[in-house]
Amino acid sequence: MTSSKDRLAAVQSEDYPQTAVLQAVSDPNCKQSGTMSTPAEDASAGAATNSERSANISPDAAQESGITPSSTRSSQDRDRAIIKASFVGIIGNMVLVIFKLIVGFASHSIAIILDGVNNATDVISSVVTIVGTKLAARKPDRRHPFGYGRIEYLTSVVIAAIILAAGIISLRESILKIIHPAETSYSAITITVIVVAILVKIALGLYFRKAGKKTESGALIASGLDSDYDAVLSAGTLVVAAAQIFWSVNIDGAVGLIISLVVCKAGIEVLRDALSPIIGTREGEDLVHDIEQCVRSFPGVHGVYDLILDNFGPNEVVGSLHIEVPDTMTAREISMLTRQITETLYAKFGFISTVGIYAVNTTDEFAAMRKDLLTLAKEDDRILQIHGFYVDRPSSMVYFDVVGTFKIDPEAIRHDIVEAMKRKYPGYSFDVVMDVDYED
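Residues numbered from 1 in each chain as written. Predicted model: local features only at pLDDT ≥ 70, side-chain atom pairs only at ≥ 80, totals over all residues. Heavy atoms only, no water.

## Here's the deal with the overall build of the protein
Step number 1: Secondary structure summary: the protein contains 13 helices and six strands in total.
Step number 2: Here the protein, with 440 residues, has 47% of them falling under the buried criterion. (Helix = DSSP H or I, 4+ residues; strand = E, 2+ residues; numbered from the N terminus. Buried < 20%, exposed > 50% of the residue type's maximum accessible area, 1.4 Å probe, protein only.)

Take a look at the structure:
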C-alpha cells in the first residue's frame, strides 16, 4: 500500500505541459493511437456491440475486483455454468443424505444423522443458488434500471442463514445427546459410507470452488466452502466410530457439539463475505491501478482522480472518475476525449463510466502557489492527496480538492489549509472540495 506522503510526493513531482499540445502516450495497459477520433468515428464506436468492443483485463485484477469484461463470457453462459454446478451439487448431496440418514438411524448415531441433515441443507443451498441465478438474470426495467444482479449476492446471504440454522439445530441436539447419551453401534458398512461421504464432499468442494472462481459466483464459492467443512465434519463421525469400536467410548455427543460449532462458524464467515458486496467494498488495488494507467495513456490527460466503482451485480458495474486536462481544450475536444475514454473503459474493463473534468493551468504562472499548497498537504498527516488545482485569474479564485482519511474532520482540514493559503496569498479566494479515498 502506497503511503499518503509517497502519493503526495508523486503528485508534487508531476510535470505539467506548458502548452495545450496533445501528445500521444503509449501505455501497455491501454493502447491508443495518439490521435482523437472524429465525431463520425465516435458514433461508429458507440454503435459497436459488446463483443466488438471487448478487450482483456489481467486475471489477477479481474479475480480481485469481481468486474468481468464482456469478452470473458456472456451472461447466459455464466448462468448456465452456475445452474449446472448447482444441479451436480443437488444430486451428490441427495445421495449422501439418503445413505447417511439410513446409516445414522441404523447405528443410533446422532453425529451421522446430523451430518446427513447438514447435507440436506446443502441441497437447499443449491436450489437457492439456481433460483437466485434465474432471478438475477432478469432484464433491467423502469423500476430497477441497473438490473437484478444483486439478487445473486442475496442468495449467498440465504445460504449463510441456512448453514447457521443447521448449526444451531445441531448444537441443540448435540447438547441433549451429551446429557442423555444413547448406545451407538458401527458396522463395516457404516464406516464405508462415512469414508465415501468424506471423498464425495472433498470432490464437491473442489468442483464448487473451481466453478465459483470461473463464473465469479459468490454462492458457488460459499457452497464449496460449506462442502469443505462437511468433509471435516464427516471425518469427525469417523473419529466417533473409531472411539466406539476400539475403545468402547461414546463421544458421539461431544463430536456432534464440535461439528455444530464448526458449522456455525462457517455460516458466520459465509454471511460476512455475502454482505460485503451488498454493503460496498473497495476494489482491488491492481484493478484501480490498471484503470488509472489506461486513462492516463490518452493524449491530453494529465491526471486521473476520484475513481468510484459501484457494483450492481456480477455483470453490472457503474463507475465515475475525474481527469485533468489543459484549460485551453475546447468543448469539442473534451467531448471526443471523454467519449473515447468511456468507450475504452467499457470494452477493456466491462463497466459504464462517467468522466468529470478538472482544468489545468497551461502556464507556470501559478506553479509556486501549487508547490506551496502541496507542501502544506505533505506536512499534514490527515491529508492523503491534493488534486484538481486550478487558478481562475479573472476572478482570483483558486480551486482544488483535498482527499483525507476516513477519521478526519473535513471542515477542520478545510479551514486550516484555506487559512494557511490566505496568509501567503491574501489576494485570492479558495474553493475547496473535501473528497474521500474511495478507491485510490
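## Concerning a nonpolar patch on the surface
Step number 1: Together, Ile-91, Met-94, Val-95, Ile-98, Phe-99 and Ile-102 line one region of the surface with nonpolar side chains, adding up to about 580 Å² of accessible area.
Step number 2: Within the element layout of this structure, Ile-98 appears in helix α4 (residues 75-107).
Step number 3: Taking the relative accessible area as the measure of exposure, Ile-98 reaches 45% and is therefore partly exposed. (Patch = residues over 30% accessible without salt bridge, like charges linked within 9 Å, V, L, I, M, F, W, Y side chains within 5 Å. Areas by Shrake-Rupley, 256 points an atom, 1.4 Å probe, with all protein chains shown as cover. Salt bridge = Lys/Arg side-chain N within 4 Å of Asp/Glu carboxyl O.)

## Points about the packing of aromatic side chains
Step number 1: Scanning the model with the defined rule gives five aromatic pairs in all.
Step number 2: For the pair Tyr-425 and Tyr-428, a centre-to-centre distance of 6.5 Å together with 80 degrees between the ring planes defines the contact as edge-to-face.
Step number 3: What makes Tyr-425 buried here is its relative accessible area of 17%.
Step number 4: Lying across the ring of Tyr-148, Arg-138 places its NZ or CZ 4.3 Å from the centre. (Phe/Tyr/Trp six-rings, centres within 6.5 Å; stacked < 30°, edge-to-face > 60°. Lys NZ or Arg CZ within 6 Å of the ring centre and 35° of its normal.)

## With respect to the sheet that holds strand β4 (residues 383-392)
Step number 1: Pairing is mixed in the open sheet, where three strands are placed in the order β4-β5-β6. Each edge of the sheet is formed by a strand with only one pairing partner; in this case those strands are β4 and β6 (429-436). For this sheet, the mean inter-axis angle between neighbouring strands, taken without regard to orientation, is 20 degrees.
Step number 2: Pairing analysis gives eight bridges linking strand β5 (residues 397-404) to β6, with the strands arranged parallel. Bridging across to β6, Val-403 finds its partner in Asp-435.
Step number 3: Contacting β4 and β5, helix α12 (residues 367-378) crosses the sheet at an angle of about 160 degrees to β4.
Step number 4: Against the sheet, helix α13 (residues 410-424) contacts β4, β5 and β6, and its axis sits at roughly 150 degrees relative to β6. (Pairing = 2+ DSSP bridges. Axes fitted to C-alpha atoms, helices over the stretch in contact; angles between N-to-C directions. Contact = heavy atoms within 4.5 Å.)

## Structural notes on the side chain of Thr-129
Step number 1: Relative to the helices and strands, Thr-129 is located in helix α5 (residues 110-136).
Step number 2: For Thr-129, the residues in contact, after removing those within four places along its chain, are Ile-82, Ser-86, Ile-159, Ala-219, Leu-220 and Ser-223.

## Structural notes on the pattern of salt bridges
Step number 1: As enumerated under the stated definition, the model contains 14 salt bridges in all.
Step number 2: Asp-273 serves as the salt-bridge partner of Arg-272, at 3.4 Å between the closest nitrogen and oxygen.
Step number 3: The residue Arg-382 makes a salt bridge to Asp-416 at a minimum N-O spacing of 3.0 Å. One end of the pair, Arg-382, is in the loop between α12 and β4; the other, Asp-416, is in helix α13, and 34 residues separate them in sequence.
Step number 4: Judged by its relative accessible area of 28%, Arg-382 is partly exposed.
Step number 5: By sharing partners, the salt bridges in this structure join Arg-78, Asp-79 and Glu-152 into a single network.

## Quick look at the sheet that holds strand β3 (residues 352-360)
Step number 1: Read across the open sheet, the three strands follow the order β1-β2-β3; overall the sheet is mixed. Each edge of the open sheet carries a strand with a single partner, namely β1 (303-311) and β3. Taking each pair of neighbouring strands and ignoring which way they run, the sheet shows an average axis angle of 15 degrees.
Step number 2: Here seven bridges tie β1 to strand β2 (residues 317-326), and the two strands are oriented antiparallel to one another. By the bridge assignment for β2, Asn-311 is matched with Val-317.

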